Amino acid sequence: MSFEVVLEFGAGHARIARSDTYNDRAMTAISRNNSETSIRSDDALPTGLSTEDLVSMYKTMVLSRALDERVWLLNRQGKAAIAASAQGHEAAQVASVKAMDPGRDHFLIYYRQFAAMLALGTTPLEQLLGFLGKQGEPMSSARQFPLHGSHPRVDLFSFSNVVATQLPQAVGVALADKMRGNDNVTIVYFGDGAASQGDTHEAMNFAGIHRLPVVFFCENNRYAISVPLHKQMPVDNVSSRAAGYGFPGVTVDGMDMLAVYEATKAAVDRARAGDGPSLVEVMVERLLPHTTDDDHTRYRPEDDIEGMKTRDPLQLTAHMLKDRGLLDDATDEAMKAEAKKLVNEATEQAEAAPFPGLENMYDHLFADAPNADGPAGGRS
Amino acid sequence: MSFEVVLEFGAGHARIARSDTYNDRAMTAISRNNSETSIRSDDALPTGLSTEDLVSMYKTMVLSRALDERVWLLNRQGKAAIAASAQGHEAAQVASVKAMDPGRDHFLIYYRQFAAMLALGTTPLEQLLGFLGKQGEPMSSARQFPLHGSHPRVDLFSFSNVVATQLPQAVGVALADKMRGNDNVTIVYFGDGAASQGDTHEAMNFAGIHRLPVVFFCENNRYAISVPLHKQMPVDNVSSRAAGYGFPGVTVDGMDMLAVYEATKAAVDRARAGDGPSLVEVMVERLLPHTTDDDHTRYRPEDDIEGMKTRDPLQLTAHMLKDRGLLDDATDEAMKAEAKKLVNEATEQAEAAPFPGLENMYDHLFADAPNADGPAGGRS
Amino acid sequence: MTTMTVIEAVRDAMRLEMQRDPGVFILGEDVGNRGGVFLATDGFIKEFGEARVIDTPLAESSIAGIALGAAVNGMRPIAEIQFADFVWPAMNQLVGEASKVRYGTGGGKFAPMTVRIPYGGGVRGGLYHSQSVEVIFTHTPGIKVVAPATPYDAKGLLISAIRDDDPVVVLEHKRTYRLVRGDVPDDAYTEPIGKAEVKRRGDDLTVVTYGLMVHYCIQAAQAVSQQDEIEVEVVDLRTLRPIDGETVLDSVRRTGKALIVQEDTGAVSVSSEVAAIISQEAFFDLDGPVMRLTGPEIPPMPFNPVQEAEFMPSPDKIADAIRKLAAL
Amino acid sequence: MTTMTVIEAVRDAMRLEMQRDPGVFILGEDVGNRGGVFLATDGFIKEFGEARVIDTPLAESSIAGIALGAAVNGMRPIAEIQFADFVWPAMNQLVGEASKVRYGTGGGKFAPMTVRIPYGGGVRGGLYHSQSVEVIFTHTPGIKVVAPATPYDAKGLLISAIRDDDPVVVLEHKRTYRLVRGDVPDDAYTEPIGKAEVKRRGDDLTVVTYGLMVHYCIQAAQAVSQQDEIEVEVVDLRTLRPIDGETVLDSVRRTGKALIVQEDTGAVSVSSEVAAIISQEAFFDLDGPVMRLTGPEIPPMPFNPVQEAEFMPSPDKIADAIRKLAAL
Ligand SMILES: Cc1ncc(C[n+]2csc(CCOP(=O)(O)OP(=O)(O)O)c2C)c(N)n1
Ligand SMILES: Cc1ncc(C[n+]2csc(CCOP(=O)(O)OP(=O)(O)O)c2C)c(N)n1
Ligand SMILES: [Mg+2]
Ligand SMILES: [Mg+2]
């Protein structure tokens, strides 16, 4: 079995990875057999990517991993109420961002986007302030779950935890650009679980009808919390749905940053050229339980858990870089030490920050009228 | 262009009509050119259909048309508050019912099902009591819009006017049968408009996962009120979606009762055998405006309106029957006269019936406790 | 000044705002060539083009979600929900999402979107073309809700809604669309969101109401004035969130008696909130219980004409309730 | 009799009903091997099999709609909505459809379905894991709504809900799941839907409440009893639709004063309805205004611990409100 290119992109991007198609049952064996070969280390780079880019993308992944691990630690220490994790998704996230133009494009993220967010230029401190619910948190003033809200420097946002709500919203964002003749592209991230929601269908349908500049980016880790793919959908890939919406859909190996970059870049180019939406599905691993509240040994088969460990994008990317002669062990170690240092510093700062007070609790409900509707209608 | 069999049914039903694929722009011309040829009159009958069946199906169509016309007249006279129409859908509806087993199967209908309902054994009087909102109306005690509610004799029901809500409900009905090991089949009727709703996606996905005995029967008349297909979906056929749910989807000419019967019967057999759902899309005409409240000259191109007139299933079916030597003009006239008489009688009875009083206005809100929650909580 | 119906005032408001601000656009089912099933956007697709008058697929959640996305990206969408009864699929995007965008981003993003929802009964609509849906919106922090009763208010409040930088739900009573006529200034103007209006002065008793019932209450007030010499003050809430407690309380403190009239069913409703405000804030001024006259506790509302009429509060029933309360 | 937590009582109720009636089955997200995110169905998939413990795709509208379809075809589904905050996509199938099945078919069809909805805050859930969603269900004719506060009530009311022949929404406060323990009979039993319960006797003032707040109100009552010699009667509504006005009024007529405490935001809410009932029906027995203490009018509720604590009514705030009202 190989990753099927369900519909190939038209223009010049022929080398979309044909790796393994997953299905729930066959997954583990496949991933073990092919993880080594699925990352190409001997090919030319895709247009638009330099060797420096590869290294810097890896560096972002390293930082993301360090931050991610720290957040889970803070949760175990009782300091962070909850966390999801991007471990296993990092290569795909970083590559997707690389294919976009953060200065002008829109990013509708979901809760698992540590690596994408760092690639977009948010800082570990900003994220940690969110996890700890501290004053100065930039996305929601610590009103929301970590990584939710919007960002003052990049146009990335996630209004809620409610799965798939971001898809129609992204389509609306793209519609607004198209109406004004802008050439910005909107990328919307979602999981395999989100594919089952009605909103996903409605969003893709509308985007298809109006040929809107949207990239639907599905991080398929084969689980919606505990529900495996075969209980979520009767088909092997989310990308198989794209045909029903009249646009291309493709599935690539999310361990392979080059493949993800290429597929996303093709989708972005298509969108920017006014040719409409695309669906890019990346097969990734959820290396940790769903969130810090979860225990995936309750529902993941043992061989699945073992198998996924061979598909750690950090290891696989390091391997690829080393094969290409772009990384050696010493540099790798130095990067990891540097990441740890950055995360340590950010942790210290975040821990030292105060919790928000009550002053601003009621503001920004509406424009110009912070207390028009509150604060305490029913309070006696 | 021909009606595409998007995914053919496996077993022995090879002759699914390949007639014209519609799209909004090309429609009129195509329908005019091919309407004559799209009805086969020279072939053997599909298994399960006798020549008597054909005649009796036509008879039901004639009755449906007479009733339908009467209801619109009653609306114009100010007696019926609102009506949709099945004119143009009759052949498909009657054929679909023929493929089912009304004694044991479940029928989730929508508001345009005059002909299906008559085929299922409801009477013109019952329907007219609904349109006039009269006492004795069997489906909802005249609480609901005409043709809504459930029926005491056949398991047909339509809980609401809210488009596409019936699809998840149908899937639930089928799930209950499967859980108990019953071999009943559930058919759910819906329009092209309903295909855009999130509920449709969710319903088909679940049915596909659990291989439930459901027939999704889409009456595609190319309009959701005024919205033409190309503003509803970026693909030519609703049936193209089925692949994304792992089951067969087929598009047939809704003027051709044999083709509709065959396609539906294949789907029913599949369902009854435990092989899961199917999507049967029938291309039909909406010969009248959306409802009595509508004026379709506001939005249908003139040539579309002219073109559709050549695709009247009554005329085409009569033609086919005559070609097969199963009908002559005299019998046809007699049938129409008989239908008119039946409808006249039913109209008289319905008009003579009283409106409901207030006695039962508050009952059947809950089991056993007709007034537990009412009648007049807030009434002073 | 032109005399027009409510639906004409709605159309007028949208046309003026579309002309004024290129960021304003319409999306909904059948809003294009059909001009909307109530003709609110009649002629718009010709005047403004397909790009700004978007016939959407039949999918309310996406109508709301796409409007929201466009709004946070600088547009001012006006989404039309064809009938209130079909807004339920959009609840997640409206109540769940839109209401919390500004608060949930600490002011980073906001959503200047208007959602027009034709609602209400007395139109032979049965259980699925008669619903009142105000409760969930009026309960939700971060949404404003207006419910105009007259052409003047319909135009002024709709323009305010469109220009508002946050989500506004505009509830338009279907029965008023062609029934109610009134004078409307020709130019654009705004009526303030959040302000009730005394639609009739009177010192004996206060009736608080909104929507179609405003007109029935005024009729009832005239009847009891003539027949019983009871002078009723009719307060039209106009905005249902936030409720203008001040105007209500000013009136009730003066009259000492309050009747709340609403078409929607009573339990946990706008009428409950008005009663709660009065009984908390004006308790010591009350000369009698705060009374309510609402739709009964069955699904609104039966299709057959007899039971539909019984469901709806009518000028007669309102007059009776006024007399009873006045006599206490 | 066993001492157990609320979540254990919920699990116990479902297990007993699954054992008793083969028509009872579970559907929802992660209810299978995961046992539900709160472990309400822990072990069920092993005991009852995949066919009766269905892990659904992530799609709440279909969870509700499929449950409805199965219910009208003779089953007794128990649908789990993972968090109340995610019930909005299901509104159309619940409020729009399920509530009207029996009425809208004139008794021809009915839907014996139970929808369990973990709700409420104080769990560091932020804006999307803290919501209270009772308002829209309590407003809707054709739905029953229960909101147990104790393990005993949780088991008895859930069993009643499952056996009920109409749709019942069961609101389970997440904070009570592991916080509240109590004695629960081992066998199956039913508590009547529609009956409030006096959870503490007192003659000075009535506090009406439900859910987690029952416990906070009892704590507050103990505090003011000890510190201020005010004896508070605490009425636990238990059922939010229909509201048991009788029990509330019996108490308020005796005490003359009423405070309604609720975690949900105040405007157009259950607290409004209780206040409206009291001020309409017990006006002449009241010695003071009907007061409310509710969550403030912002989206419930901020994630950071300081503002979350400020959002929630607490025993201290409740005691203060009691003292104020008692002093009037
Ligand atoms: C509408 C909705 N339903 C349920 C949830 C609870 N929930 C949070 S994440 C999740 C699984 C999401 O799976 P997927 O989309 O595959 O993303 P992943 O976490 O695997 O990256 C669920 C069920 C939610 N947040 N929103
Ligand atoms: C959820 C919902 N939205 C809007 C409507 C209003 N409406 C009634 S029928 C209809 C068009 C339905 O089109 P289609 O599904 O193609 O069926 P047809 O009437 O063409 O047979 C619309 C928009 C509705 N009933 N339900
Ligand atoms: Mg996943
Ligand atoms: Mg149609």
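Description of the overall build of chain C
In step 1: A tally of helices and strands in chain C yields 13 helices and 14 strands.
In step 2: Taken against the 2.2 N^0.38 rule, which gives 20 Å for 328 residues, the C-alpha radius of gyration of chain C at 19 Å falls within 12% of a compact globule.
In step 3: Judged by the C-alpha coordinates and their principal axes, chain C covers about 60 × 45 × 40 Å.
In step 4: For chain C, the proportion of contacts with a sequence separation of at least 24, taken over those separated by at least 6, is 83%.
In step 5: Each charge class in chain C can be summarised by its mean position, and for the 32 positive and 46 negative side chains these summaries are 2 Å apart.

Brief notes about the overall build of chain A
In step 1: Check the secondary structure of chain A and you find 12 helices and 9 strands.
In step 2: Taken over 380 residues, chain A has a buried fraction of 66%.
In step 3: Once local pairs closer than 6 in sequence are excluded, the contacts in chain A between residues at least 24 apart make up 74%.
In step 4: Surface exposure of chain A reaches about 12,000 Å², of which carbon and sulfur atoms provide 50%.

Side note on the interface of chain C and chain D
In step 1: With 46 residues of chain C at the interface, the matching set in chain D holds 46 residues.
In step 2: In total, about 4,300 Å² of surface goes out of reach between chain C and chain D, with carbon and sulfur atoms giving 67% of it.
In step 3: Linking chain C to chain D there are 4 salt bridges.
In step 4: For the salt bridge of Glu273 of chain C with Arg292 of chain D, the shortest nitrogen-to-oxygen distance reads 3.1 Å.

Topic: the sheet that holds strand β10 (residues 205-209) of chain C
All names here are of chain C.
In step 1: One open sheet holds the 5 strands; their spatial order is β9-β11-β10-β13-β14, and the pairing between them is mixed. At either margin of the open sheet sits one strand with a lone partner, and together these are β9 (197-200) and β14 (291-295). Direction aside, neighbouring strands of the sheet carry axes that sit 25 degrees apart on average.
In step 2: As paired strands, strand β13 (residues 258-265) and β14 are joined by 4 bridges and run parallel to one another. Residue pairing for β14: Val261 is matched across the bridge by Leu293.
In step 3: Helix-sheet contacts for helix α9 (residues 212-228) involve β9, β10, β11 (232-236) and β13, and the interaxial angle to β11 is about 175 degrees.
In step 4: Sheet contacts for helix α13 (residues 315-327): β10, β11, β13 and β14; angle to β13, the most-contacted strand, approximately 150 degrees.

Here we look at unusual backbone geometry
In step 1: That bond from Arg241 of chain C to Pro242 of chain C is cis: its omega, -5 degrees, falls within 30 degrees of zero.
In step 2: Within the element layout of this structure, Pro242 of chain C appears in the loop between β12 (239-241) and α10 (245-255).
In step 3: One non-glycine residue with positive phi stands out, namely Leu147 of chain A, at about 70 degrees.
In step 4: Mapped onto the elements, Leu147 of chain A comes out in the loop between α5 (124-132) and β2 (149-150).
In step 5: Among the residues examined, Leu147 of chain A registers a relative accessible area of 3% and is labelled buried.

Some remarks on the coordination of the magnesium ion (ligand 3)
In step 1: Coordination of the magnesium ion (ligand 3) by the protein comes from Asp192 of chain A (OD), Asn221 of chain A (OD1) and Tyr223 of chain A (O), over a distance range of 2.0 to 2.1 Å.
In step 2: Motif for the magnesium ion (ligand 3), donor spacing along one chain: D-x28-N-x1-Y.

Considering the site of ligand 1
In step 1: Near ligand 1 there are 21 residues, and of these Tyr110, Tyr111, Arg112 and Gly193 of chain A together with Glu60 of chain D occur at the shortest range.
In step 2: More than one chain reaches ligand 1: its neighbouring residues belong to chains A and D.
In step 3: A distance of 2.8 Å is found between an oxygen atom of ligand 1 and a side-chain nitrogen or oxygen belonging to Tyr110 of chain A.
In step 4: Here an oxygen atom of ligand 1 and a backbone polar atom of Tyr223 of chain A are 2.9 Å apart.
In step 5: With the chains in place, 97% of the 570 Å² that ligand 1 exposes on its own is no longer accessible.

A closer look at the interface of chain D and chain A
Often the size quoted for an interface is simply the accessible area lost on bringing the parts together.
In step 1: Tallying the contact residues gives 46 residues for chain D and 44 residues for chain A.
In step 2: Here chain D and chain A share an interface that buries about 3,700 Å² over both sides, 59% of which is from carbon and sulfur atoms.
In step 3: Considering only the surface of chain D that becomes buried against chain A, Arg34, Leu58 and Phe303 of chain D emerge as the three largest contributors, covering 19% of it.
In step 4: Counting across the chain D and chain A interface gives 4 salt bridges.
In step 5: One salt bridge in this structure joins Asp294 of chain A and Arg34 of chain D, with 2.7 Å as the shortest N-O distance.
In step 6: At the boundary of chain D and chain A, one finds 10 residue pairs in polar contact (both at pLDDT 80 or more).
In step 7: At the level of secondary structure, the elements contributing two or more residues to the side of chain D that touches chain A comprise β14 (291-295), α12 (305-311) and α13 (315-327) of chain D.
In step 8: Top contributing element to the side of chain D that touches chain A by residue count: α12 of chain D, with 5 residues.

What about the nonpolar core?
In step 1: Ranked by size, the top nonpolar core spans 182 residues in total, and within it Phe216 of chain A, Phe216 of chain B, Ile117 and Phe137 of chain C together with Ile117, Phe137 and Ile278 of chain D carry the most contacts.
In step 2: Every residue in contact with Phe137 of chain C, bar those within four places of it in the chain, is listed here: Val87, Met91, Leu94, Val95, Ile117, Ile143, Val145, Val169 and Arg241 of chain C.

A word on the coordination of the magnesium ion (ligand 4)
Residues and elements named next belong to chain B.
In step 1: At the metal site, the magnesium ion (ligand 4) is ligated by Asp192 (OD), Asn221 (OD1) and Tyr223 (O), and these contacts range over 2.0 to 2.1 Å.
In step 2: Within one chain, the residues serving as donors to the magnesium ion (ligand 4) are arranged as D-x28-N-x1-Y. Here Asp192 is found in the loop between β4 (186-191) and α7 (198-210), whereas its partner Asn221 is found in the loop between β5 (214-220) and β6 (223-224), with 29 residues between them in sequence.
In step 3: On the accessibility criterion, Asp192 (1% relative accessible area) is buried.

What to know about the sheet that holds strand β9 (residues 197-200) of chain D
Residue and element names in this part refer to chain D.
In step 1: Strands sit in the order β9-β11-β10-β13-β14 across an open sheet of 5 strands; the sheet is mixed. One side of each edge strand has no neighbouring strand; the edge strands of this open sheet are β9 and β14. In this sheet, adjacent strand axes meet at a mean angle of 25 degrees when their direction is disregarded.
In step 2: Relative to strand β11 (residues 232-236), β9 runs antiparallel, the two being bridged by 3 bridges. Paired with Arg200 across the strands is Val234, a residue of β11.
In step 3: Set on the sheet, helix α9 (residues 212-228) makes contact with β9, β10 (205-209), β11 and β13 (258-265); between it and β11 the angle comes to about 175 degrees.

Overview of the relation of the copies chain C and chain D
In step 1: Once chain C has been moved 0.0 Å along the axis and rotated by 180 degrees, it coincides with chain D to within an RMSD of 0.0 Å. Here the symmetry operator amounts to a two-fold rotation axis.
In step 2: Here 100% of the contact residues of chain C are again contact residues in chain D; the copies associate through an equivalent surface.

Overview of the site of ligand 2
In step 1: Close contacts around ligand 2 come from 21 residues, with Tyr110, Tyr111, Arg112 and Gly193 of chain B together with Glu60 of chain C the closest.
In step 2: One of the backbone nitrogen or oxygen atoms of Asn161 of chain B is found 2.8 Å away from a nitrogen atom of ligand 2.
In step 3: Glu60 of chain C has a polar side-chain atom sitting 2.5 Å from a nitrogen atom of ligand 2.

Describing empty space enclosed by the protein
In step 1: A complete count under the given rule lists 13 cavities of 30 Å³ or more for this structure.
In step 2: Within this model, the largest cavity holds a volume of roughly 180 Å³.
In step 3: Looking at the largest cavity, it is lined by 20 residues, and the ones nearest its centre are Glu202 of chain A, Ser61 and Pro89 of chain C together with Ser61 and Pro89 of chain D.
In step 4: Among the secondary structure elements, those contributing two or more residues to the lining of the largest cavity are α7 (198-209) of chain A together with α7 of chain B.
In step 5: Across the lining of the largest cavity, the residue classes break down as 6 nonpolar, 10 polar and 4 charged.

Observations regarding the confidence of the model for chain A
Residue and element names in this part refer to chain A.
In step 1: When pLDDT is averaged across chain A, the result is 88; 86% of the residues are at 70 or more.
In step 2: In this model residues 1-37 is a low-confidence stretch, pLDDT under 50, and it forms 99 contacts with partners more than four residues away in sequence or in other chains.
In step 3: Scored below 50 in pLDDT, residues 370-380 shows 33 contacts in the model against residues more than four places distant or in partner chains.

Observations concerning the packing of aromatic side chains
Residues and elements named next belong to chain C.
In step 1: Tallied over the full model, the rule gives 29 aromatic pairs over all chains.
In step 2: Seen in terms of ring centroids, Phe44 and Phe48 are 5.6 Å apart; in terms of plane orientation they differ by 70 degrees. Their pairing is edge-to-face. Of this pair, Phe44 and Phe48 both sit in helix α2 (residues 44-48), 4 residues apart, roughly one helical turn. For the pair Phe44 and Phe48, a shared accessibility class is recorded, and that class is buried.

With respect to helix α6 (residues 166-179) of chain B
All names here are of chain B.
In step 1: In this model, α6 (14 residues) spans 20 Å end to end at C-alpha, consistent with the 20 Å of a helix rising 1.5 Å per residue.
In step 2: Taken across its 14 residues, α6 has 12 buried, putting it largely inside the fold.
In step 3: Within α6, burial applies to Gln166, Leu167, Pro168, Gln169, Ala170, Val171, Gly172, Val173, Ala174, Leu175, Ala176 and Asp177.
In step 4: Of the residues trailing α6, Gly181 is marked for its positive phi of about 75 degrees.

What about the environment of Gly211 of chain D?
All names here are of chain D.
In step 1: Considering the arrangement of structural elements, one finds Gly211 in the loop between β10 and α9.
In step 2: Along the chain, Gly211 and Arg238 lie 27 residues apart, while their C-alpha atoms are 7.4 Å from each other.
In step 3: Other than its neighbours up to four places away in sequence, Gly211 contacts Tyr119, Ala147, Pro148, Ala149 and Asp236.

The rules behind these values
- Residues numbered from 1 in each chain as written.
- Chains lettered and ligands numbered in written order.
- Predicted model: local features only at pLDDT ≥ 70, side-chain atom pairs only at ≥ 80, totals over all residues.
- Heavy atoms only, no water.
- Helix = DSSP H or I, 4+ residues; strand = E, 2+ residues; numbered from the N terminus.
- Rg over C-alpha atoms; globule rule 2.2 N^0.38 Å.
- Contact = heavy atoms within 4.5 Å.
- Lys, Arg positive; Asp, Glu negative; His and termini not counted.
- Charge placed at Lys NZ, Arg CZ, Asp CG, Glu CD.
- Buried < 20%, exposed > 50% of the residue type's maximum accessible area, 1.4 Å probe, protein only.
- Areas by Shrake-Rupley, 256 points an atom, 1.4 Å probe, with all protein chains shown as cover.
- Buried area = accessible area lost by both parts, 1.4 Å probe.
- Salt bridge = Lys/Arg side-chain N within 4 Å of Asp/Glu carboxyl O.
- Pairing = 2+ DSSP bridges.
- Axes fitted to C-alpha atoms, helices over the stretch in contact; angles between N-to-C directions.
- Donors = N, O, S within 2.8 Å, 3.2 Å for Na, K, Ca; no water.
- Near = heavy atom within 4 Å.
- Polar contact = N/O pair within 3.5 Å; in protein donor to acceptor, adjacent residues only side chain to side chain.
- Core = buried A, V, L, I, M, F, W, Y, C linked by side-chain atoms within 4.5 Å.
- Least-squares fit on C-alpha atoms with pLDDT ≥ 70 in both.
- 1 Å grid on protein atoms, 1.4 Å probe; cavity = no way out; pocket = protein on both sides within 12 Å on 5 of 7 lines; lining within 4 Å.
- Points joined across faces, edges and corners; volume = space filled by probe spheres on them.
- Nonpolar A, V, L, I, M, F, W, Y, C, P; charged D, E, K, R; others polar.
- pLDDT = per-residue confidence, 0-100.
- Phe/Tyr/Trp six-rings, centres within 6.5 Å; stacked < 30°, edge-to-face > 60°.
- Expected span 1.5 Å × (residues − 1).

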